[in-house]
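Residue-level structural notes
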Amino acid sequence: MIMKKLNIYIFKQIVIGFLLICFSLMSIIWLSQSLRFLDLIVSKGISAGIFIKLTSLLMPRIFVLLAPIALFAGILFVYNRMLADQELVVMKSAGISPWQLAKAVVFLGILLALINVYVMNIGIPKAETRFKDLEWRVKNNISQLMFREGEFTEIQKGLTVFISKHDDDGTVKGILINDERNPDIKSATSAEKGLIVQTDQGPRIILINGSRQEIHSRKGTFSAVSFAQYSVDFGLKGSRKRGKDNARTHSFEELIFALTNNNLSPEERLKWFVEGNRRLTSPLLALAYSLIACTGLLISNFNRRGQTKTILASITAIIIIQALDLIFGNQAAKHLFWLTLMYANVILPIAACIILLLKPDLLSMMRSRLNNAILGFSND
């Protein structure tokens, strides 16, 4: 009963710290990522709702990267505070083993790993697909996003468009176009209604029932003509096809069996297969980081000067693991031999931490043997 309350106490402390750190980090990253899409607000005139939706679709990918680090920082902070307040000293004196004190961490690490498995295999593929669709529509579907009712919109220098109303069927009404792109010919075109369409050369507007007036500055002439249908090119480059999907948009099954997919190039098969395996190894980083954060503080001796060395060693360990994960992942996309090292890079730290927590005297014994070996070598 006492251990259950103790684990709940530690669990609550870590969760609070984790949520605060994770929310703060994600807010900072969200703001920095949002700067990439400011151009869409300026040039495309998208609404705040679409802007928030577009940037929010990046959050699952960012959460997977930041959550293990946030949990590591939360655990490190809580156990270091408990050690500084001598709470851990009292608990160890009462006969509570390091493994028992780490049970809350193990539970949280496994829980976050399972959450990341869901996010990486379901959340990120859906979010990436929706993001690419929305980004394409924002950049290419200018009828609703660029043109606002009752406002003059400058498409490019010398080309201004005014639209009175958008209809639900995609047509626009009350159109006025002022074209001064050609310094020799200035024109003003008006129409009752029109339809914006995408072509291989970019977006165009098909005008129905209107008139066009032109002034030739060199000739000094004026002309006017009425039309039943007329087409105006906006001069914007666009694509009717959405960009090619990357590996993140595909399911785990498609990635893990990519080596047998004849529709992919050999390079793409390896990249997809490695991405599928990364969806298994990356979630384990949450458990590895959690165990590293608590192991050093739980098995080390209490020091009144603080645990700076232990904390720095833990931080260095996760930096090395993260760096090796990136290196092995990139190399595995070229040679599958590195895939084994990518798994070992995550599994070995987890196993080492569990062994040290179950047998805390093992580290002291290893240190003693190492010191004896060094002394023996120096005497020789």
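Notes on the overall build of the protein chain
- Helix and strand counts for the protein chain come out as 13 helices and six strands.
- Across the 380 residues in the protein chain, those meeting the buried criterion constitute 40%.
- A sequence separation of at least 24 residues applies to 62% of the contacts in the protein chain between residues at least 6 apart.
- Counting every atom, the protein chain has about 21,500 Å² of accessible surface; 62% of that belongs to carbon and sulfur.

Digging into helix α11 (residues 308–332)
- For α11, which comprises 25 residues, the first-to-last C-alpha distance of 36 Å matches the rise-based estimate of 36 Å (1.5 Å per residue) to within 8%.
- Close packing links the buried residues of α11 with α4 (59–84), α10 (266–299) and α12 (337–358).

Observations concerning the environment of T316
- Here T316 is to be found in helix α11.
- Exposure remark for T316: the relative accessible area of 42% places this residue in the partly exposed category.
- Only 2.7 Å separates the side chain of T316 from the backbone oxygen of L312, close enough to count as a polar contact.

Focus on the environment of N246
- Among the secondary structure elements, N246 is positioned in the loop between β6 (221–233) and α9 (252–256).
- In this structure, the C-alpha to C-alpha distance between N246 and E268, residues 22 residues apart in sequence, is 9.7 Å.

Let's talk about the pattern of salt bridges
- A complete count under the given rule lists seven salt bridges for this structure.
- The salt bridge involving E128 is made with R61; its shortest N-O contact spans 2.6 Å. Remark: R61 occurs in helix α4 and E128 occurs in helix α7 (residues 103–140); sequence separation between them is 67 residues.
- Exposure remark for E128: the relative accessible area of 4% places this residue in the buried category.
- Between R278 and D325 there is a salt bridge, and its shortest N-O distance comes to 3.1 Å. Here the residue R278 occupies a position in helix α10, and D325 occupies one in helix α11, the gap between them amounting to 47 residues.
- Here R278 falls in the buried class, since its relative accessible area comes to 15%.
- The class for D325 is buried, based on a relative accessible area of 2%.
- Within the structure, one salt-bridge network assembled from shared partners comprises R81, D85 and E87.

Here we look at the packing of aromatic side chains
- In total, this model carries four aromatic pairs according to the counting rule given.
- Ring geometry for F227 versus Y230: centroids 5.3 Å apart, planes at 40 degrees, classification tilted.
- Judged by its relative accessible area of 13%, F227 is buried.

A short note on α12
- Counted at 1.5 Å a residue, the expected span for α12 with its 22 residues is 32 Å, and the 32 Å between its end C-alpha atoms agrees.
- A344 marks where α12 bends most, by close to 30 degrees.
- Looking at α12, one finds that the buried residues are L339, M342, N345, V346, P349, I350, C353, L356 and L357.

Regarding the nonpolar core
- In terms of nonpolar packing, the biggest core is built from 60 residues, with I14, I75, Y79, L88, C294 and L298 touching the most fellow members.
- Those elements that provide at least two residues to this core are α1 (2–34), α4, α5 (87–93), α7, α10, α11 and α12.
- Take this core: its biggest share by element is 15 residues, from α4.
- The contact partners of I75, leaving out residues within four places of it in the chain, are I14, V105, S290, A293 and C294.
- Among the nonpolar cores identified, the runner-up in size contains 14 residues, and V161, A191, L207 and F234 belong to it.

A short note on the confidence of the model for the protein chain
- Counting all residues, the mean pLDDT for the protein chain is 82, and 82% of those residues have values of 70 or more.
- Here helix α8 (residues 142–145) stands out as the element of the protein chain with the lowest mean pLDDT, 53, in contrast to α12, whose mean of 93 is the highest.

Topic: the packing of α4 against α11
- As a packed pair, α4 and α11 sit with axes 12 Å apart at the nearest point and diverge in direction by 165 degrees. On the basis of their axis angle, the class for α4 and α11 is roughly antiparallel. Crossing geometry of α4 relative to α11 is assigned as right-handed. Residues F72, L76 and N80 of α4 lie in contact with α11, whose contacting residues are I311, S314, I315 and I318.
- Here the residues of the contact of α4 with α11 are counted per class, giving five nonpolar, two polar and no charged.

Conventions adopted
Residues numbered from 1 in each chain as written. Predicted model: local features only at pLDDT ≥ 70, side-chain atom pairs only at ≥ 80, totals over all residues. Heavy atoms only, no water. Helix = DSSP H or I, 4+ residues; strand = E, 2+ residues; numbered from the N terminus. Buried < 20%, exposed > 50% of the residue type's maximum accessible area, 1.4 Å probe, protein only. Contact = heavy atoms within 4.5 Å. Areas by Shrake-Rupley, 256 points an atom, 1.4 Å probe, with all protein chains shown as cover. Expected span 1.5 Å × (residues − 1). Polar contact = N/O pair within 3.5 Å; in protein donor to acceptor, adjacent residues only side chain to side chain. Salt bridge = Lys/Arg side-chain N within 4 Å of Asp/Glu carboxyl O. Phe/Tyr/Trp six-rings, centres within 6.5 Å; stacked < 30°, edge-to-face > 60°. Bend = angle between axes of the 7 residues up to and from the residue. Core = buried A, V, L, I, M, F, W, Y, C linked by side-chain atoms within 4.5 Å. pLDDT = per-residue confidence, 0-100. Axes fitted to C-alpha atoms, helices over the stretch in contact; angles between N-to-C directions. Parallel < 35°, antiparallel > 145°, perpendicular 65-115°, else oblique. Left-handed = near helix turned anticlockwise from the far one by under 90°. Nonpolar A, V, L, I, M, F, W, Y, C, P; charged D, E, K, R; others polar.

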